[in-house]
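Secondary and tertiary structure notes
Residues per chain, in single letters:
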Amino acid sequence: MFFRHFFDPRLAQASYLVGCQATGEALVIDPNRDVAQYIAAAAAEKLRITHVTETHIHADFLSGARELAQRTGAELLLSGEGGPDWTYAFAAERRARVVHDGTTFMVGNLRIEVLHTPGHTPEHLAFLLTDTPASSQPVMLFTGDFVFVGDVGRPDLLEKAANMIGTMEAGARVLWTSLERFRALPDHIQVWPGHGAGSACGKALGAVPSTTVGYEKMVNWGVSSPDEATFVRGVLEGQPEPPAYFAMMKRLNKEGPAFLGDRPPVVHLDDPAAEALMTAGAIVLDVRPSPAFAAGHHRGAIHVPLAKSLANFAGSLVPYATPIVIVAADEATATAARYDLALIGLDDVRGMITPTQLPHRGGARLLQMSARDALDQAAAGAFILDVRGQSEWDAGHLPEATLLPLPELHRRWQELPTDRPILVHCQGGTRSPMAASFLQRVGLSVVDVLGGFAALRSTRGHQ
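Before going into details, it helps to say that this report is about the structure given with it. Just so you know, these numbers come straight off a predicted model, no measurement behind them.

This part takes up the sheet that holds strand E16 (residues 349-353). Spatial strand order, E14-E13-E15-E16: four strands in an open sheet with parallel pairing. Only two strands of the sheet have a single neighbouring strand rather than two, namely strand E14 (302-303) and E16. Bridging between strand E13 (residues 283-286) and E14 involves two bridges; their strand directions are parallel. Bridge assignment links leucine 285 to a residue of E14, and that residue is isoleucine 302.

Rendered as C-alpha cells:
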C-alpha cells in the first residue's frame, strides 16, 4: 500500500492519497482545490487516480473532488446520507457514485468501507481501510471532521455559519451516537483526520497529524465524555466564531465548485486599468505587512497581510462576487495571495498594483495608539472595540470595551457609533489592523491599539 498525507497550513486541512502498488490504482480523500498536487504525486509513484471521494460537504475550503475526478477520469464517490437537503447537486454527473453506510469498494487490493458518522453535518462519512494482502483487519480510519486528534468535530456550524436555527443541540446528540460507533472500533486502527491545529472546525485540535482509536479513547475529551449530557454541554461551549465565508463554502461545495484549472501569474495592472476597476467598485486588498499598510495605503483598501491565515480573514472581510485588485510589493507576493484566495473561491482577482501606483488614491493612514494612551482614552469615555472571539472575551476583557468578533463585522458594523473614534484591539495586535481597515472602508473613524489586549492588561496592571 502507498500512503501520502497532504497538509495545507493555510487551511489547517488534511487530504490523503492511498494507492495499491500491485495494481497501480489510487484513491484521493478530501482534496482541496489545488488538484495538481495530487496528480503529480500519483504520477511520481506510477499510480493512476481511479477514485476520488470526500467525507462531507466542506464549509472551510472549496473542494477539488469534482475537478480532480474530471481531470483524471476517476470515479467520484459522494455521500448519499443525510436526506434530500444534503444531496450533492452534481451527484448525477457521469462519473459520480452515491455511497451509503456500509458501502464497500475496492481500490486495487485495498478495501474501503463507508461509515455514516453524522453530527458535524448530517451527511458526514468516514472511510475504514483494510490492506487485504497484509491483513483481514482494518488498519486506517479517515475521519474527516468527525474525530480529530484530541477533539471532535463541532456540531454548531450549521446554526452559526449557515443560519440553520435549532440544529446545533440536535447535531451534538447525533454526534454522541456516532462516537459510540467510534469507541467500538479496535484500538490499533490509525486515525487520519481532515484538519489539524489552527482549524475553526474544532476548538482544541492537536498538532500531530494522526492518532489511533485507542489513544483517543484515553485522551480525547469528547470520545471519553462520561455521558451524553456532559458531552453536549462540552461540545457546544467555547467554540470559536466561524469565519463569515463558511456559509458560502457550503453552498458552492453542494452545487459544484467551478474548476480552477491552470492559471498564469497575476497580471500587473497599469494605472488606467486599475483606476477603471476601482471606480467601478473593485475591492482593493492590501496584503503587505501591517506596519506598511498603517503608514500609507489606498483609500478604501481592506488589509489582510499575506500570512498563514489570509484565506480565513479575507473570507470574513472581502465580499464575494466583487472584483479584487491586490496591492503587493511584487508579482510573486500577489500571485501567492491569489492562490490563497482561490482556496476559498474568491476567484475574481483582476490583477495587482504596487503601493506607489495611483498616488491620488493613496495617502490614507491607519492611526495607531499605544495601550497606555488607549486606557487614558477609555477613562475619558472613548469607545473601545474588542474584535476577539467570545471565548477570549470570557477569559478576560476591559470592562469599558464592547465585543464584536472580527468574523461578524461585515454584518454588524452598523451597530457601532459614528460620532466618535473607535479604538480597536484584538489579543496581540494581529487582527485589529485588519478589522480597522474594514471599518475605515465603511467610513468610520478608527484607531488601532498596538499590542492588543495583552498590552492593555499589562499596562493596566502596572498603573
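By secondary structure assignment, the location of glycine 451 is in the loop between strand E21 (446-449) and helix H16 (452-461). Spatially, the C-alpha atom of glycine 451 lies 49 Å from that of histidine 51, the residues being 400 residues apart in sequence. Apart from the residues lying within four places of it in its own chain, the contact partners of glycine 451 are Gln427, Gly428 and Gly429.

Among all positions of helix H7 (residues 246-255), only Phe246, Met249, Lys250 and Asn253 are buried. Burial along H7 is one-sided: seen end-on, the buried residues are contained in an arc of 100 degrees. In this fold, the buried residues of H7 make contact with helix H3 (157-160). Looking one or two residues beyond H7, the residue adopting positive phi is glycine 256, at roughly 115 degrees.

The next subject is the sheet that holds strand E2 (residues 13-20). With respect to topology, six strands assemble into an open sheet ordered E1-E2-E3-E4-E5-E6, the strand pairing being mixed. With partners counted over all chains shown, the strands left at the sheet margins are strand E1 (2-8) and strand E6 (96-99), one partner each. Pairwise comparison of adjacent strand axes, ignoring direction, gives a mean angle of 20 degrees for this sheet. With respect to the sheet, helix H2 (residues 65-72) is in contact with strand E3 (25-29), strand E4 (48-53) and strand E5 (75-79), its orientation differing from that of E4 by roughly 155 degrees.

Definitions and cut-offs
Residues numbered from 1 in each chain as written. Predicted model: local features only at pLDDT ≥ 70, side-chain atom pairs only at ≥ 80, totals over all residues. Heavy atoms only, no water. Pairing = 2+ DSSP bridges. Helix = DSSP H or I, 4+ residues; strand = E, 2+ residues; numbered from the N terminus. Contact = heavy atoms within 4.5 Å. Buried < 20%, exposed > 50% of the residue type's maximum accessible area, 1.4 Å probe, protein only. Arc of directions from axis to C-beta. Axes fitted to C-alpha atoms, helices over the stretch in contact; angles between N-to-C directions.

Nothing here speaks to function; it is geometry throughout.
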